[in-house]
Amino acid sequence: MSEHGSDTAHEHEHAQADNDAAPLPSSAALPPNMHAFLARMFPGRVNTLPNDAVLLLGVALALAAVDPTKLGSRGPVGWLFALAALVATIWAAPVVSRRPAAQSVRLTSQFARHRNTVFAVGCTIVAGFSDPPVWLTVIDAALLLAYLLAVDALAAGPVGVRQLRRGTAPLSALAAVAIVLLAAQAPVNSGAVWGRIIAALAVAAAATAAGAALWIRQTAGQSSRAGREEASTLPRHR
Amino acid sequence: MAAPGGEAVRRALGGPQSVDAPAEPPQAPTEAWRLTERALRLSSVALAAAAVALISGRAWMLALAAGPAVLLALGAPRSTRPTRVGARAVVPVRRLFEGEAIAARVDLAFDGLVGWIDPGVAPGPGVELAAVEVSGPVVTFSFVARRWGRWTLGVADIDLHDAGGLGRRTVRAQLGDVDIYPMPADSTLTPIPTRLPNRLGEHTARQTGDGFEFAGVRPYTWGDRQRRIHWPSTTRRGEIQITQFAAERAADTVVLLDAFGDVRDPATGRSTLDDSVRAAAGIARTYLRSHDRVGVVSVGGRLRWLQPGTGGGYLYRIVETVLEVRRDLGYHTPDIDHVPTPALPNGALVYAITPLADDRILDVLRDLAERGNPVVVVEIPTGDPRVEPGDEAAEFALRLWRMDREALRFSLVERGIPVVAWDGSGELDLALAPLLRTGVRGRAR
């Protein structure tokens with residue numbers, strides 16, 4: 001067992017990962033110049049600003065999900081529902097940055113631990129059963145993606161921060177969202193039942209193809225790495 | 001990279017820590033890769049959006065699934081995920097005093113790439129996590145020893161996240177045991193009994209001898225040295241007078257530790273057993289510095305003893321004898337006659353350090369007094385019981401309780417056993433100073 005890979009590229013990548021492999025404060029998700037600017041503007045609150053921003057993002061997402069364009073037509077029940085969603089958002093949207101150690105198996109404890117996930121899924125479901133205008137669907141998709149990226153940056157450690165700083169993943173995800181939204185607006189809906197079955201099969205086929213590609217890439221990589229390790233003369237133990 | 005103390009410590013602990021009631025160590029982690037919170041979040045949102053899209057027939061919902069799906073695909077594990085991981089804990093110093101820092105290093109060994117090392121720890125009792133530092137594949141936990149005792153340092157569960165942040169594997173390292181010695185109470189005074197054993201030492205005895213302290217004059221006898229003639233007395237009395245000096249002897253001291261119970265002060269939360277052992281260590285250290293012989297007897301569920309000895313290193317033997325005394329709490333009353341004679345030498349000064357909260361210690365003190373040993377009771381106050389304001393019955397009960405305590409102390413003093421109190425804070429000298437006025441008397445056998 002060796003701590004470092006056997007080839008130079010591997011070692012370099014490993015060292016780079018190690019430098020980032022420590023827990024970071026929430027403000028570390030910000031670029032240095034922005035952090036300095038915020039520290040000047042809000043001294044004393046700069047470390048909590050990212051969390052506050054995620055909370056605001058969550059509130060905006062929840063409001064967009066309940067479709068504010070139709071709140072007036074839904075009467076008191078609609079307003080009550082929106083208010084309940086807002087309260088739930090204030091509890092569930094802030095980033096849970098605790099270490100994922102199982103404190104309790106009780107449902108309430110699990111619910112509290114995964115409340116960011118529950119919040120995002122809840123917003124998705126609520127948005128899915130409303131019929132928003134096109135501009136609101138764009139906002140819904142953008143806000144959901146922004147919320148997921150922000151939570152990743154604050155709770156998923158250096159991986160989330162790196163993902164946000166490099167920009168490849170957010171841009172790719174944004175491009176995928178845009179393509180699907182454009183495709184969804186194409187006038188191909190005939191209203192037939194077969195349409196959904198075909199769509200389900202298409203989604204399943206896409207997921208299977210993606211999974212198979214990833215699996216092949218992983219197994220191929222593992223076998224090639226095993227071959228390199230056998231051929232390597234480096235000590236395998238530290 | 002050094003992680004900031006507070007945030008990293010809170011994360012590693014998974015919440016606030018308590019030295020008195022530490023968290024139970026979590027169950028042993030599985031040796032398999034599991035989904036991270038991030039993977040769970042992204043996959044849940046993608047699946048929910050896809051399901052809602054298919055159920056409701058709204059194609060735009062697939063756009064909500066597309067974003068998380070792309071993030072998942074980009075973070076999917078490649079060939080870099082470690083297949084073999086291991087951890088080895090190194091604690092360079094396992095014996096230390098209260099208040100000192102303990103560094104525990106965990107060396108991780110793994111093949112492949114790790115995107116994030118997320119350390120967690122369940123500290124044992126008596127220690128407090130002060131800092132966590134991750135530097136490459138080495139995680140360093142800094143603890144502070146808070147309470148004396150033989151404790152387990154804790155268990156470290158370190159999460160290794162893969163490069164994409166979608167899988168994690170936990171590796172566990174046992175940090176082992178540490179011996180935390182009590183910080184001896186500050187003390188410099190060494191009260192002595194009226195009779196000291198016939199052994200050369202640093203204490204001025206009442207007997208005459210070859211010391212430096214002036215003890216008196218006496219008439220000249222054949223063989224006295226000329227240089228010891230006391231000329232003022234000689235000229236005054238008209239016959240030769242010889243100067244007498246006090247003997248300098250060493251004392252035998254035995255510290256008797258009351259381990260019958262551990263009472264917590266309702267107001268300050270201080271533990272009487274903690275303070276008792278600190279006082280015992282302080283007394284032992286002071287007498288050992290005076291080159292006296294010091295022994296220890298611990299009475300509680302199990303009788304522990306160490307015969308008096310001397311030397312700087314003997315303090316550690318004394319402390320190690322009582323280090324596990326916290327586990328001895330029980331209902332058995334030891335018979336002091338069963339203490340071997342070497343542990344309680346004849347005429348040894350006995351310091352009984354006790355909160356006077358258990359009647360069985362009174363039997364032990366009575367036995368000691370009957371053996372003829374000079375005994376001093378160092379009382380560790382338990383603090384007054386808490387009384388609700390306005391509760392008259394409780395206030396009367398508190399008065400009765402205080403009077404009962406006073407009567408107990410009075411009965412000990414009447415029996416020839418001085419009682420001094422030390423509340424665990426400040427110097428022990430203030431408590432022991434009254435004993436310097438006269439030597440501590442024991443009953444003649």
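Residues numbered from 1 in each chain as written. Chains lettered and ligands numbered in written order. Predicted model: local features only at pLDDT ≥ 70, side-chain atom pairs only at ≥ 80, totals over all residues.

**What about the domain arrangement of chain B?**
Item 1. Domain assignment breaks chain B into domain 1 (5–29 + 81–181), domain 2 (38–75), domain 3 (200–249) and domain 4 (252–436).
Item 2. Between domain 1 of chain B and domain 3 of chain B, the C-alpha centre-to-centre distance is 67 Å. (Domains from an automatic or database assignment.)

**Concerning the nonpolar core**
Item 1. By size, the foremost hydrophobic cluster in this structure holds 150 residues, and its most contacted members are Ala49(B), Val255(B) and Ala280(B).
Item 2. Among the elements that take part in this core, helix H7 (residues 134–155) of chain A stands out by supplying 12 residues, more than any other. (Core = buried A, V, L, I, M, F, W, Y, C linked by C-beta atoms within 7 Å. Buried ≥ 20, exposed ≤ 12 C-beta atoms within 10 Å, placed from the backbone. Helix = DSSP H or I, 4+ residues; strand = E, 2+ residues; numbered from the N terminus.)

**Some points on the environment of Ala63(B)**
Item 1. Mapping Ala63(B) onto the fold places it in helix H3 (residues 61–75).
Item 2. Overall, the presence of 27 C-beta atoms within 10 Å leaves Ala63(B) in the buried class.
Item 3. Taking the C-alpha atoms as reference points, Ala63(B) and Ala46(B), separated by 17 residues in sequence, lie 9.3 Å from one another.
Item 4. Ignoring any residue separated from it by four or fewer positions in sequence, one finds Ala63(B) in contact with Ala141(A), Val177(A), Val180(A), Leu181(A) and Ala184(A). (Contact = placed C-beta atoms within 7 Å.)

**A closer look at helix H6 (residues 115–128) of chain A**
Item 1. With 14 residues, H6(A) should reach 20 Å at 1.5 Å per residue; the first-to-last C-alpha distance of 19 Å fits that figure.
Item 2. For H6(A), the full list of buried residues reads Asn116(A), Thr117(A), Phe119(A), Ala120(A), Cys123(A), Thr124(A), Ala127(A) and Gly128(A). End-on, the buried residues of H6(A) take up no more than an arc of 165°, which puts them together on one face.
Item 3. Looking at the buried positions of H6(A), the neighbouring elements they touch are helix H3 (49–65), helix H4 (71–92) and H7 of chain A together with helix H2 (37–56) and H3 of chain B. (Expected span 1.5 Å × (residues − 1). Arc of directions from axis to C-beta.)

**Overview of H3(B)**
Item 1. For H3(B), spanning 15 residues, the distance from its first C-alpha to its last is 22 Å, which sits close to the expected 21 Å at 1.5 Å a residue.
Item 2. Counting buried residues along H3(B), 13 of its 15 residues qualify, which places the element largely inside the surrounding structure.

**Brief notes about the environment of Gly390(B)**
Item 1. Relative to the assigned elements, Gly390(B) resides in the loop between strand E18 (375–379) and helix H8 (392–414).
Item 2. Placed 328 residues apart in sequence, Gly390(B) and Leu62(B) show a C-alpha to C-alpha distance of 68 Å.

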